[in-house]
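Here are the chains, one letter per residue:
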Amino acid sequence: QTGSAEEGHSLYAMTEKIGDIFGQDNNGQTVVNIKIVGLLNDAKNEISYPGACTTNTETYKRLRTLAHKIISQMTVPLIQNLIYNLVENDRERVRLYANAFVPLTAACEPSKFTFLRNKLMIEKYNVVDVDNIIRIIESTYQCLGLKCEDIGIFNDYGRDCVGTPELNPLAGYIPQTDVRKIAALDLDIQSINIFMRERAYDAVKDYYTLGRHASMTTRLGEQVFS
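Scope of this entry: the structure provided in the associated data block. (Residues numbered from 1 in each chain as written. Predicted model: local features only at pLDDT ≥ 70, side-chain atom pairs only at ≥ 80, totals over all residues. Heavy atoms only, no water.)

## What to know about the pattern of salt bridges
Note on pairing: side chains with opposite charge can pair once their charged atoms come close. Counted according to the given criterion, the structure contains eight salt bridges. Across the pair arginine 64 and aspartate 206 runs a salt bridge, and its minimum N-O distance is 2.8 Å. Linking arginine 64 in helix α3 (residues 59–88) with aspartate 206 in helix α10 (residues 201–210), this pair joins segments that are 142 residues apart in sequence. Note on accessibility: arginine 64 and aspartate 206 belong to one class, buried. (Salt bridge = Lys/Arg side-chain N within 4 Å of Asp/Glu carboxyl O. Helix = DSSP H or I, 4+ residues; strand = E, 2+ residues; numbered from the N terminus. Buried < 20%, exposed > 50% of the residue type's maximum accessible area, 1.4 Å probe, protein only.)

Okay, here's the thing in structure tokens:
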């Protein structure tokens, strides 16, 4: 069963329900569920080729990239539910979704992570702070591999959401071409610093050798680099 918040199961049904609230229905199925199913099919195709898991050393890298894209899309309903419950002032559900979402922002900007953690996980937020909290949440989208249109609009929240400008200044320098994906290398460095503090050395090796956020477009498609 697809496209039903009533007959689907688990995360799929939740995504259908909240996606409809955010105007994300696309011919009977939410955009994010369409994307996730497509990415899962891409992953299935990757391992269906002869020798994909034995002789092709690139299969793992491509599967890893697809897995990260799926993780990004699975964050969408968490963000939508967090914003929805902030607007509705359902504090119990805000805490629930904050605990699922906020830790994912730790590698984005330490100041934004600290702000969200304090407001949503440690302190009791004031309703007058909700607009600013949602703006901070929106500012983390690119770091999480998302765009404003992935989340949608609820009660006008998201209507003014804008992503990072194509020619975003870097340390005062305005680039002449879009280097946002390459400039994301600093997110890998920040992630590695976090892994080092947690002594997650396998994750450090994974990010250092294969990369995560930084990528570039080649004739073979989007290539992640370390």
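Back to the write-up after that little detour.
## A closer look at α3
If you check α3, its first and last C-alpha atoms are 45 Å apart, about what 30 residues at 1.5 Å a residue would give, namely 44 Å. Of the residues trailing α3, asparagine 89 is marked for its positive phi of about 60°. (Expected span 1.5 Å × (residues − 1).)

## A short note on the nonpolar core
Ranked by internal contacts, the top residues of the largest apolar core, which has 42 residues, are Ile79, Leu82, Leu86, Leu120, Ile137 and Tyr141. At the level of secondary structure, the elements contributing two or more residues to this core comprise α2 (31–46), α3, α4 (91–101), α5 (110–122), α6 (130–138), α7 (148–151) and α9 (185–197). Those residues in contact with tyrosine 141 that sit more than four places away from it in its chain are Ile79, Ile83, Leu146, Lys147, Cys148, Ile151 and Cys161. (Core = buried A, V, L, I, M, F, W, Y, C linked by side-chain atoms within 4.5 Å. Contact = heavy atoms within 4.5 Å.)

## Points about the state of the cysteines
All told, the structure shown has two disulfides when counted by the stated rule. Here cysteine 108 pairs with cysteine 143 through a disulfide, and the sulfurs are 2.1 Å apart. The chirality of the disulfide connecting cysteine 108 with cysteine 143 is left-handed, given an S-S dihedral of about -85°. With cysteine 108 in the loop between α4 and α5 and cysteine 143 in the loop between α6 and α7, this pair connects stretches of sequence that are 35 residues apart. (Disulfide = S-S within 2.5 Å.)

## Observations regarding the packing of helix α1 (residues 10–21) against α3
Close contact between α1 and α3 brings their axes to 9 Å; oriented N to C, the two are set at 50°. The orientation of α1 relative to α3 falls into the category oblique. Seen along the crossing, α1 lies across α3 with a hand that is left-handed. When α1 is examined against α3, the residues Leu11, Met14, Thr15, Ile18, Gly19 and Ile21 are found in contact with a partner set consisting of Met74, Pro77, Gln80, Asn81 and Tyr84. (Axes fitted to C-alpha atoms, helices over the stretch in contact; angles between N-to-C directions. Parallel < 35°, antiparallel > 145°, perpendicular 65-115°, else oblique. Left-handed = near helix turned anticlockwise from the far one by under 90°.)

## Side note on the side chain of arginine 212
Secondary-structure assignment places arginine 212 in the loop between α10 and β3 (215–218). Reaching out from arginine 212, the side chain makes a polar contact with the side chain of histidine 68 at a distance of 3.0 Å. (Polar contact = N/O pair within 3.5 Å; in protein donor to acceptor, adjacent residues only side chain to side chain.)

## Some thoughts on the packing of aromatic side chains
A full pass over the atoms with the stated rule returns three aromatic pairs. Plain terms: the ring middles of phenylalanine 195 and tyrosine 207 are 5.0 Å apart, the flat faces sit at 85° to each other, and that makes the pair edge-to-face. Taken together, the residues span a long stretch of sequence, with phenylalanine 195 in helix α9 and tyrosine 207 in helix α10 at a distance of 12 residues. Relative accessible area serves as the criterion here: at 12%, tyrosine 207 is assigned to the buried category. Grouping aromatic residues by their ring pairs yields a cluster made of Phe22, Tyr84 and Phe154. If you follow arginine 91 out to its NZ or CZ, it ends over the ring of tyrosine 125, 4.1 Å from the centre. (Phe/Tyr/Trp six-rings, centres within 6.5 Å; stacked < 30°, edge-to-face > 60°. Lys NZ or Arg CZ within 6 Å of the ring centre and 35° of its normal.)

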